[in-house]
Every structure is written in C-alpha cells, then in structure tokens.
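Chain by chain, the residues:
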Amino acid sequence: MLYNDYKFFRTILYLYYIPLMIRPAFSTMSIHFKCRSRLYPRSNVERFPVPDEKVPWFVEYKDYKPSTYNSPSIEGKPWADNEIGNPAFKPKWNDVDGNVNRKSYVGLYEIKDGYPLNPVGRTGIVGRGVLGRWGPNHAADPVVTRWKQLNNKEPVLQFIAIKRRDTGEWALPGGMVDPGEKVAATAIREFQEEAMNSIEATEDEKAEWKAKFHRFFSAGVEIYSGYVDDPRNTDNAWMETVAYNFHDESGTIVAALELKAGDDAVGVRWVDITNDLNLYASHKDIVSAVLKRHTDK
Ligand code: RP5
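Since the structure is predicted, the reported quantities are computational estimates derived from the model, not experimental observations. Sequence order as written defines the numbering, with residues in each chain counted from 1. In keeping with the model being predicted, local features are shown solely for residues with a pLDDT of at least 70 and side-chain atom pairs are shown and tallied solely at 80 or more, while totals for entire chains, interfaces and linings include all residues. Side-chain figures throughout are based on the complete set of non-hydrogen atoms in the structure, without hydrogens or water.

(A) The site of the ligand, seen in detail. By convention in these notes, a residue is near a molecule or strand provided one of its non-hydrogen atoms lies within 4 Å of it. Every residue lining the ligand is accounted for by Ala139, Asp141, Arg164, Gly174, Gly175, Met176, Val228, Asp230, Arg232, Met239 and His283. Take Asp141: an N or O atom from its side chain is 2.6 Å from an oxygen atom of the ligand. Think of a polar contact as two N or O atoms within 3.5 Å of one another; within protein, one of them needs to be a possible hydrogen donor and the other a possible acceptor, and neighboring residues in sequence only count if both atoms come from side chains. Between Asp230 and the ligand, the recorded distance is 2.6 Å, taken from a side-chain N or O atom to an oxygen atom. Only the protein chains shown count as cover for residues, and the accessible areas themselves come from Shrake-Rupley with a 1.4 Å probe. Isolated, the ligand exposes 360 Å² of accessible area, and the fraction of that covered by the protein chains is 93%. A cavity here means a set of points on a 1 Å grid, drawn over the protein atoms and nothing else, where a 1.4 Å probe fits but cannot get out; a pocket is an open set with protein on both sides within 12 Å along at least five of seven lines, and a residue lines either one if it has an atom within 4 Å of a point. Cavity and pocket membership follows a simple rule, namely that a molecule belongs there if more than half of its atoms are within 2 Å of the grid points. Taking a 2 Å distance to the grid points as the criterion, the majority of the atoms of the ligand fall inside the largest pocket. In DSSP terms, a helix is any run of H or I states spanning at least four residues, a strand is any run of E spanning at least two, and both are numbered starting from the N terminus. Secondary-structure elements contributing two or more residues to the shell around the ligand are strand S7 (135–150) and strand S10 (175–176). Lys, Arg, Asp and Glu make up the charged group, whereas Ala, Val, Leu, Ile, Met, Phe, Trp, Tyr, Cys and Pro make up the nonpolar group; the residues left over, Gly among them, are polar. Each residue belonging to the shell around the ligand can be placed in one class, and the counts come to four nonpolar, three polar and four charged.

(B) Examining the pattern of salt bridges more closely. By definition here, a salt bridge exists when the distance from a side-chain nitrogen of Lys or Arg to a carboxyl oxygen of Asp or Glu is within 4 Å. Overall, the coordinates contain 17 salt bridges when judged by the stated rule. The closest approach of N and O atoms between Arg189 and Asp178, which form a salt bridge, is 3.5 Å. Placement of the pair is Arg189 in helix H2 (residues 183–195) and Asp178 in the loop between S10 and H2, with a sequence separation of eleven residues. Note that Arg189 is salt-bridged to Glu181, the shortest N-O span being 2.8 Å.

(C) Seen up close, helix H3 (residues 203–218). Bend, in this description, refers to the angle at a residue between axes fitted to the seven residues ending there and the seven starting there. When the local axis directions of H3 are compared, the greatest deviation, roughly 50°, occurs at Lys212. Residue burial is assigned from relative accessible area. The probe radius is 1.4 Å, only protein chains are included, and a residue is buried under 20% of its type maximum, exposed over 50%, and partly exposed in between. Trp209, Phe213, Phe216 and Phe217 are the residues of H3 that are buried. The contact criterion used is simple: two residues touch if any of their non-hydrogen atoms lie within 4.5 Å. Residues of H3 that are buried sit in contact with S7, H2 and strand S12 (237–248).

(D) Structural view of the environment of Leu279. Mapped onto the secondary structure, Leu279 falls in the loop between strand S13 (265–272) and helix H4 (283–295). You can call Leu279 buried: its relative accessible area is 4%. Sequence-distant contacts of Leu279, defined by excluding residues within four places in its chain, comprise Lys34, Phe159, Glu169, Trp170, Ala171, Lys284 and Val287.

(E) A look at unusual backbone geometry. A positive phi angle is found at Asp113, which is not glycine, with a value near 50°. The topology assignment puts Asp113 in the loop between strand S4 (111–112) and strand S5 (115–116). Look at Asp113 and you get exposed, because its relative accessible area is 70%. Of note in this structure, Asn152 is not a glycine but carries a positive phi near 55°. Secondary-structure assignment places Asn152 in the loop between S7 and strand S8 (153–164). Residue Asn152 is classed as exposed on the basis of its relative accessible area, which comes to 83%.

This is the structure in structure tokens:
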C-alpha cells in the first residue's frame, strides 16, 4: 500500500469508526460543521477553510493559517476571562478553577503553547471569538416536551423552541451556566427567562410559578452532556452543554405554561419533532435523542 493510501485509510478509521466504537453513547461528536461556516458570527472575519478530513488535529495540515479573532465585545466583561499571557490570569485547565468549571465533558483537552485546543479539531479561526471563556464554555439546555394528539393518527412529540435574537434561528431555550451555579438550575432559569420572560415578572408572579411548576421541573432527565457544534466555536474556545428533558406525558401541566419570549429570545412556540427540523448549532441531535427516548419501546 502506498503511504498516501495508508494515510487516507487511517484518517477514515479515526474520523468515522473509532469514535463510534469507543465513545460513550452521545457524549461528543467526531466532527463539527456549523463552526466551519465561512464568516465568524457577528463579524466579517473569514474562517480558514478546513475540509472534513483536516478537522482532526492529528491529521497534518501544513497550509493551515487561520486568522486570530477576539471580539472587542467581550473586553472587560465581568463574565469573561483575561487574555492568555496576562500574568494575573492563571487558569487551571481541565479542572474546576474556583467557581469556574474548566473541565470538559469530552475528556482531557490539550494545551498547546498555552492555549486550550478544541477537542473536536480545527475550526478555521484562532482566539476565542465572542466566547467569554478560553476552553469549554458551559451551558445548559431544557427540552420541555408534550404529545400533540391527532385524530386517528400517532401522536407527535413537541418541544418548546425559542427564536434566537442573534441568528434568527430556532433553538433550545438554553444559556450559560453562571459561576458556581448548578447546571440543572441553569436549565430551569434559562427556560423561565427565555420562554416565559421571567426577567420582567414580579416577585409574586415568580413565587406563583415556582409553586405551580416546582414538581415538574424537579423531574428533569439528563439527555446529553458534551460538545455543541456552535457557530461561535474556535480552535481555542467552544460550547458544551448538559441537556435535560422535562416531559409532560398527560399534557395537563404544560397547558398552564404561558409562553412569552424574553431575554435573548424574540419568539417562542411549540414545535413538532420531525426529521426535517432545522435548529441552531447541534440542537437537532439533542431533540432527536429526546424523541428516541420517548418512542423506543
Ligand atoms: C448553545 O448556546 C447551547 O446549547 C445553549 O443553547 C446556548 C447558550 O448560549 P447563549 O444562548 O447564552 O448565547 O451552544
């Protein structure tokens, strides 16, 4: 076998088969797509083209010369890290660093020349773009579901989606984990903020909500924890999430939910889970896993 053929087969093996065999069910992904689109979000910075087979770091890509992009929008923000190289910034990579979790659900990530490396591979851009943290940026996603009953037909599973203000895409109403916050609490808080506009609710309304839905939101089932193929990811900063399913089998509990877009959302609605769904980042994979949970006998 010629050396080039050997390299080709080795790449196919690593890219598609080995990740399928060794990775724990649905904890990460072997390739990303949405974070390789031409323009970096909210900028006119172009990503360096990365063909599928050059995504993994172990595949040599001699011509790889990505631009560096650190958005001015995160400078000095209290939720953002300092610059790498600043003597005041001493991150504990792959560890819980004070009340910031710098561990990845994917496993140990590599540090190269002081910078954390995206565990899935190249994205065509260096720096941290618009993300606040170097390395993993932790989020949580609530998947609230119910059955839509149809006459003489199988019921259809529906979930609550929000329309994102930044990209206009439909998405799970998730958000970033605040320092020290429990991830499950983030999922519930974000649901309230984005799908029920709790930010504008009075204290009395919040208390009433808590009394009504406390039980329902205490019974979340973890569906996924791992990497998100988010368009904001870079070679040195990326999104990870834990997604929880809150399911109302009878439909009687969620019937009392008054949906109202809030915070970063400009729309909210119940959406049928079908094959042709088109959602932000890799949210379709999460929603499909929820569907599987409810339909696999
Ligand atoms: C996605 O970004 C996560 O799955 C979550 O839905 C979201 C969190 O970011 P923001 O909505 O706070 O921008 O990667």
